[in-house]
Structures are given as C-alpha cells and as structure tokens.
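The residues making up each chain are set out below.
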Amino acid sequence: MNNIDDFAKLVELKLESARLEPHWKTSEADGHMLAIAERRLRFESMASSLIKSVIQPRLETIASYFSNACLSHDSPVGQCSCWFGYCERFPASTNVSLAVEHDTCIEHVSICFDVYMTPMFIKLREHDRLTLLLDAVQDKLVAEWLEDCLIGFISDYLLIDRGGDEFEEDIATDPVCGMRISRSEAVDKDTYYGHPYFFCSNECKKRFADEPTKYVVVRTLY
C-alpha cells in the first residue's frame with residue numbers, strides 16, 4: 001500500500017476494534033517477571049561457571065602451544081577469547097572467541113564459537129553454536145562440543161603454517177618504549193581489546209596498564 005493515509009486509517013480501525021483492556025492480570029505479569037529474574041540468576045551463575053571451568057582452561061591449553069597466542073583479559077562478562085598474533089610463521093591475525101548467551105525469556109542457552117582471521121587465506125569453521133535448554137546445560141556436553149570446535153580450529157590454523165619448530169625469533173615491539181624484543185624474551189605481556197602486547201620491562205608494562213590508549217590505536221578484526 002503506497003498511500004500512508006490509507007495505512008493510518010487501517011491502523012485506527014484495528015485499534016478501535018481491539019479491546020483496550022489488559023491481556024495480563026497484574027499477578028500474571030508479576031509472576032512472569034519473577035520467573036525471568038530467577039532464570040537470569042541461574043543463567044549468570046551457569047555462564048560464569050562455564051567460562052571458568054570449561055571454556056577458559058581449554059583456550060589456555062591451546063594458547064600454551066603457540067607463543068604468538070594470548071588470552072584476552074578484558075573480555076566482557078560471559079565471553080572469553082584468544083588472540084593469535086601475526087608472525088612470520090603464521091602470517092594472519094586470528095581471534096577465537098567464545099560467548100555464553102541466552103534467548104529473550106532465558107529459557108535456552110547458546111554457546112557461540114567464532115573465529116575471525118585477517119587476511120583470510122583459507123576456508124575455516126568461522127562460526128558454530130550449541131543451543132541447550134537452561135536446565136539441560138552440562139559441563140561434559142559443552143566440553144565435548146568445544147573441544148571438537150577447537151581441534152577443528154587447530155587443523156584449519158595449521159594450514160597457514162610456514163613451518164619451523166620454534167617461535168623464538170618472532171619479534172614484537174614494546175608499545176611504550178618502542179624497543180624490538182623477542183616474544184620469548186619479553187618480561188611480561190598484556191592484552192588490550194584482544195590484541196597481545198609484549199614488554200621489555202615491568203615499568204613499561206605498568207605504564208601501559210595505567211594508560212593504554214596513550215600507546216596504541218584500537219583496531220578490530222571485524
């Protein structure tokens with residue numbers, strides 16, 4: 001219908017014909033909101049537990065095998081991610097992100113797996129999702145699904161491997177003082193918006209932690 005006036009008349013007719021009475025009694029609305037509030041508390045507790053006991057330990061395990069990998073320490077609540085920095089051996093910036101989400105009424109829970117790589121050299125499993133009833137979430141079930149996703153990611157990531165047994169020659173620049181250092185010899189490291197940064201001294205790390213925006217320009221993969 002192209003005429004907006006005609007459409008407005010249809011809206012008016014619909015409103016006039018409707019029973020302008022509440023469809024929910026106050027007690028019913030209160031009960032509904034109370035149930036959602038209770039499910040929200042259960043979801044928040046469950047999501048926190050999944051991140052700490054299932055998701056983060058498995059991302060940490062993968063990161064321990066790659067010196068160019070670093071877990072993000074500034075992820076929002078209910079999320080966890082691991083950044084694989086660009087280096088000579090793996091010439092792409094890659095982020096593996098996990099998030100625990102819920103639907104509108106907090107009846108279903110979704111664990112979302114996302115991989116972003118730039119530049120994109122290969123076909124990879126960019127997205128996956130496990131959806132369960134809130135009452136049916138089990139650590140073992142989530143762990144099995146997640147491990148399958150992560151093993152698949154490793155298989156994909158290794159396709160861009162240029163070879164070599166070690167990462168020790170990978171060079172990073174301290175964002176505070178500008179010194180070029182080997183990642184393996186860095187005194188400390190930190191993340192900001194998912195990106196890893198390496199430091200030649202504790203003083204540089206402290207100055208970065210106090211005022212990161214002074215030393216870096218925030219960039220995102222997507």
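Residues numbered from 1 in each chain as written. Predicted model: local features only at pLDDT ≥ 70, side-chain atom pairs only at ≥ 80, totals over all residues. Heavy atoms only, no water.

Now for the overall build of the chain. What the chain contains, in helices and strands, is four helices and nine strands. Ordered by position from N to C terminus, the α and β elements of the chain give α-α-β-β-β-β-β-α-β-β-β-β-α. A buried classification covers 40% of the 222 residues belonging to the chain. Long-range contacts, defined here as pairs at least 24 residues apart, represent 50% of the contacts in the chain between residues at least 6 apart. (Helix = DSSP H or I, 4+ residues; strand = E, 2+ residues; numbered from the N terminus. Buried < 20%, exposed > 50% of the residue type's maximum accessible area, 1.4 Å probe, protein only. Contact = heavy atoms within 4.5 Å.)

Strand order in the open sheet formed by five strands is β1-β2-β3-β4-β5, and the pairing between neighbours is antiparallel. With one partner strand each, in any of the chains shown, β1 (69-71) and β5 (127-133) form the two edges of the open sheet. On average, adjacent strands in this sheet sit at an angle of 10° to one another, irrespective of strand direction. Summarising the sheet, strand β2 (residues 79-84) and strand β3 (residues 93-102) pair through six bridges and their orientation is antiparallel. Residue pairing across strands places C82 opposite V96, the latter belonging to β3. (Pairing = 2+ DSSP bridges. Axes fitted to C-alpha atoms, helices over the stretch in contact; angles between N-to-C directions.)

Tallying each qualifying case throughout the model produces zero disulfides. Between C70, a free cysteine, and C82, which holds the nearest cysteine sulfur, the sulfur-to-sulfur gap is 7.3 Å. What makes C70 buried here is its relative accessible area of 4%. (Disulfide = S-S within 2.5 Å.)

In total, this model carries ten salt bridges according to the counting rule given. We note a salt bridge from D188 to K205, for which the minimum N-O separation is 3.2 Å. Remark: K205 occurs in helix α4 (residues 202-210) and D188 occurs in strand β8 (residues 188-192); sequence separation between them is 17 residues. Owing to a relative accessible area of 29%, D188 belongs among the partly exposed residues under this scheme. (Salt bridge = Lys/Arg side-chain N within 4 Å of Asp/Glu carboxyl O.)

Further remarks concern a nonpolar patch on the surface. Among the surface-exposed residues, I4, F7, V11 and L15 lie close enough to one another that they form a single nonpolar patch of about 390 Å² accessible area. Along the chain, F7 falls in helix α1 (residues 4-17). Accessibility expressed as a relative area gives 45% for F7, which makes it partly exposed. (Patch = residues over 30% accessible without salt bridge, like charges linked within 9 Å, V, L, I, M, F, W, Y side chains within 5 Å. Areas by Shrake-Rupley, 256 points an atom, 1.4 Å probe, with all protein chains shown as cover.)

All right, on to α4 then. Where α4 is concerned, the buried positions are C204, K205 and F208. End-on view of α4: buried residues confined to an arc of 100°, all on one side of the axis. Exposed and oriented more than 90 degrees from the buried face of α4 are N202, K206 and D210. Of the surrounding elements, those touching the buried residues of α4 are β8 and β9 (195-199). (Arc of directions from axis to C-beta.)

Here the focus is the confidence of the model for the chain. Mean pLDDT over the chain stands at 85; residues scoring 70 or higher make up 89%. Low pLDDT, under 50, characterises residues 218-222; the predicted model gives this stretch nine contacts beyond four residues in sequence or across chains. (pLDDT = per-residue confidence, 0-100.)

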